[in-house]
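# Architecture at a glance
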Amino acid sequence: MKLGVVGLPNVGKSTLFNAITKAGAQSANYPFCTIDPNVGIVAVPDERLDLLAKMYSPEKYTPTTIEFVDIAGLVRGAYKGEGLGNKFLSHIREVDAIVHVVRCFVDENVIHVDGSVNALRDMETINLELIFADIETIERRIDRAMKNSKGGDKKSLADAELFKKAKAHLENGLPIRSMQVSIDEKKELDAQFLLTSKPIIYVCNIAEDDIGNPPNDMVKAVYGAAAKEGAEAICICAKVEEELSEVSNEEKAAFLSELGIESSGLDQLVKACYRLLGLISYLTAGPKEVRAWTIEKGTKAPQAAGKIHSDFERGFIRAEIVPFDTLIECGSMTVCKEKGLVRSEGKEYIVQDGDVVLFRFNV
């Protein structure tokens, strides 16, 4: 999973990126501090793996990972190449989802490119730039489809009509992801790599003083706007996350407790990403390795096995399944088997989040 962290200059993008990846990206109080995208690979926190590691004492411990890309700050006119717009937009096309950081705090010591802080305006600035860029892309697609349809090609005619509908939707200020389309139409639009078709999470970057308090007006506005377009929204204090990234796990737990926060920003962000993209994790465990594997919800057992190796999918026989909670409650796989709690599932079984799985296959 590859996530692009975007936002206006000086909203806390690189600070948040540093905190969640510990990659040491440059962060400073001036626009376009980030020019080339910084990339960080982050292990997905999963307490279930920690407990399995205690149970098996494995040789290897392998969590699933997320790749974060810190993309240059965007300004008005980016779709025409203003600022670092062209670079910015090309980097967004390569990610699976967008993490849009929105400044929801006022600090006279941190400059704002527009001279004042306004969360909704800032959101609209970026969203409109993405929409304008998509309009240019879709206009080219319409021209091409119309040329190809002159010979009576029905597929090109259908594509031209779909792209015209998409253009009208964009011209109404709406992202492609909110457009009502059939499964086949969605596949066709996805193939165009449109920026506004990508799932998005809005991260409200709040002040430390706002932690644990009711959401301020800017946060409420962001949540309201996100709900209207079916997007995720969470609150994080990038400054606090940066401090958390520099302490041990024990100190982190105490720090979170003192602040009255249940989970870190990374935990919140990962959970939001999984919800947004419809992802779950199943687990494999043994003395050699405990590992988490990320799949889409609704994935059947053979395809889940193929995540490990194509041979597993091709020669799939069955999957031996025990839910994680059941395994922990019993204390070992042996006890689960003695109690008849390990299920044997076939090709139609849909793997569930937290399933501990052993695949049987023959090639």
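In this report, we go over the structure that sits alongside the text.

Rules and cut-offs
- Residues numbered from 1 in each chain as written.
- Predicted model: local features only at pLDDT ≥ 70, side-chain atom pairs only at ≥ 80, totals over all residues.
- Heavy atoms only, no water.
- Helix = DSSP H or I, 4+ residues; strand = E, 2+ residues; numbered from the N terminus.
- Buried < 20%, exposed > 50% of the residue type's maximum accessible area, 1.4 Å probe, protein only.
- Contact = heavy atoms within 4.5 Å.
- Areas by Shrake-Rupley, 256 points an atom, 1.4 Å probe, with all protein chains shown as cover.
- Lys, Arg positive; Asp, Glu negative; His and termini not counted.
- Charge placed at Lys NZ, Arg CZ, Asp CG, Glu CD.
- Expected span 1.5 Å × (residues − 1).
- Pairing = 2+ DSSP bridges.
- Axes fitted to C-alpha atoms, helices over the stretch in contact; angles between N-to-C directions.
- Core = buried A, V, L, I, M, F, W, Y, C linked by side-chain atoms within 4.5 Å.
- Parallel < 35°, antiparallel > 145°, perpendicular 65-115°, else oblique.
- Left-handed = near helix turned anticlockwise from the far one by under 90°.
- Polar contact = N/O pair within 3.5 Å; in protein donor to acceptor, adjacent residues only side chain to side chain.
- Phe/Tyr/Trp six-rings, centres within 6.5 Å; stacked < 30°, edge-to-face > 60°.
- Nonpolar A, V, L, I, M, F, W, Y, C, P; charged D, E, K, R; others polar.

In this section: the overall build of the chain. Assigned secondary structure in the chain consists of 14 helices and twelve strands. A principal-axis box enclosing the C-alpha atoms of the chain has dimensions of 65 × 65 × 35 Å. The burial tally for the chain puts 47% of its 363 residues in the buried class. In the chain, the share of contacts with a sequence separation of at least 24, taken over all contacts with a separation of at least 6, comes to 69%. Just so you have it, the chain exposes about 18200 Å², and 49% of that area is on carbon and sulfur atoms. With 44 positive and 55 negative side-chain charges, the chain shows a separation of 7 Å between the mean positions of the two kinds.

The terminal C-alpha atoms of helix α10 (residues 265-277) lie 18 Å apart, and with 13 residues this matches the ideal 18 Å at 1.5 Å per residue to within 8%. Buried within α10 we find G265, L266, L269, V270, A272, C273 and Y274.

Next up on the list: the sheet that holds strand β7 (residues 232-236). Strand order across the open sheet formed by six strands is β2-β4-β1-β5-β6-β7, with mixed pairing between neighbours. Each of the sheet's edge strands pairs with one partner strand only, and the pair in question is β2 (38-43) and β7. Direction aside, the axes of adjacent strands within the sheet are offset by 25 degrees on average. Across the face of the sheet, helix α7 (residues 217-228) comes into contact with β5 (97-103), β6 (200-205) and β7 while running at roughly 160 degrees to β7. Contacts from α10 reach β1 (2-6), β2, β4 (65-70), β5, β6 and β7 within the one sheet, and its direction differs from that of β7 by about 180 degrees.

Soluble globular proteins tend to pack their nonpolar side chains together in the buried interior. One finds F68, C104, Y202, V203, V222 and L269 to be the most contacted residues of the largest nonpolar core, which totals 56 residues. Broken down by element, the residue count for this core peaks at six residues, all from α10. Discounting residues that sit within four places of it in the chain, V203 has contacts with L16, V99, H100, V101, V102, I234, I236 and L269. Judged by nonpolar contacts, the second largest core, of 15 residues, contains Y282, A301, A305 and V357.

A few words now on unusual backbone geometry. Positioned with a positive phi, N10 is a non-glycine residue whose angle comes to about 65 degrees. Residue position: N10 is located in the loop between β1 and α1 (13-21). Positive phi is not limited to glycine here, since F193 has a value of about 55 degrees. Its place among the elements puts F193 in the loop between α6 (183-190) and β6.

This brings us to the environment of F359. Within the secondary structure layout, F359 lies in strand β12 (residues 355-361). F359 sits 129 residues away from G230 along the chain, and the two C-alpha atoms are 37 Å apart. When sequence neighbours within four positions are dropped, the list of residues in contact with F359 reads Y282, A301, A304, A305, I308, F312, F316, R318 and A319.

In contact at an axis separation of 8 Å, helix α4 (residues 119-149) and helix α5 (residues 154-171) are set at 160 degrees when each is read in the N-to-C sense. Accordingly, the angle class assigned to the pair α4 and α5 is roughly antiparallel. For the pair α4 and α5, the sense of crossing is left-handed. For the pair formed by α4 and α5, the contact residues are I131, D134, I135, I138, E139, R141, I142, A145, M146, N148 and S149 on the first element and S156, L157, D159, A160, F163, K164, A166, K167, L170 and E171 on the second.

Moving on: the pairing of β5. Burial analysis of β5 places seven of its seven residues in the buried class, which makes it a mostly covered element. What you see with β5 is no split at all: A97, V99, V101 and R103 on one side and I98, H100 and V102 on the other are buried throughout. The sheet contact formed by β1 and β5 spans four bridges and is parallel. Within the sheet, the bridge partner assigned to V5 lies in β5 and is V99. Where β5 and β6 come together, six bridges link them in parallel fashion. Note that in β6 the partner of V102 across the bridge is C204.

All right, on to the side chain of T299 then. Following the sequence through the fold, T299 ends up in the loop between β9 (289-296) and α11 (301-306). Polar contacts involving the side chain of T299 include one to the main-chain carbonyl oxygen of E296, which spans 2.6 Å. With residues near it in sequence (within four places) discarded, T299 still touches A304, Y349, I350 and V351.

This part covers the packing of aromatic side chains. In this structure the tally under the stated criterion is four aromatic pairs. Ring geometry for Y282 against W293: centres 6.5 Å apart, planes inclined by 20 degrees, an arrangement best described as stacked. Highlighted residues: Y282 in strand β8 (residues 279-285) and W293 in strand β9, separated in sequence by eleven residues. Owing to a relative accessible area of 0%, Y282 belongs among the buried residues under this scheme. Relative to F361, the ring of F312 lies with its centre 4.1 Å away and its plane at 25 degrees, an arrangement referred to as stacked. Here F312, found in helix α12 (residues 310-314), pairs with F361, found in strand β12; they are 49 residues apart in sequence, far enough to count as distant. Through a chain of ring-to-ring contacts, three or more aromatic side chains come together here, namely Y282, W293, F316 and F359.

What follows covers the packing of α5 against α6. What describes two packed helices is the angle between their axes and the distance between those same axes. Axis separation between α5 and α6 bottoms out at 11 Å; the angle between their running directions is 80 degrees. As the angle between them shows, α5 and α6 are arranged roughly perpendicular. Taking contact as the criterion, the partners of K155, D159, L162, F163, K165 and A166 in α5 are, on α6, E185, E188 and L189. Partitioning the contact of α5 with α6 into residue classes produces four nonpolar, no polar and five charged.

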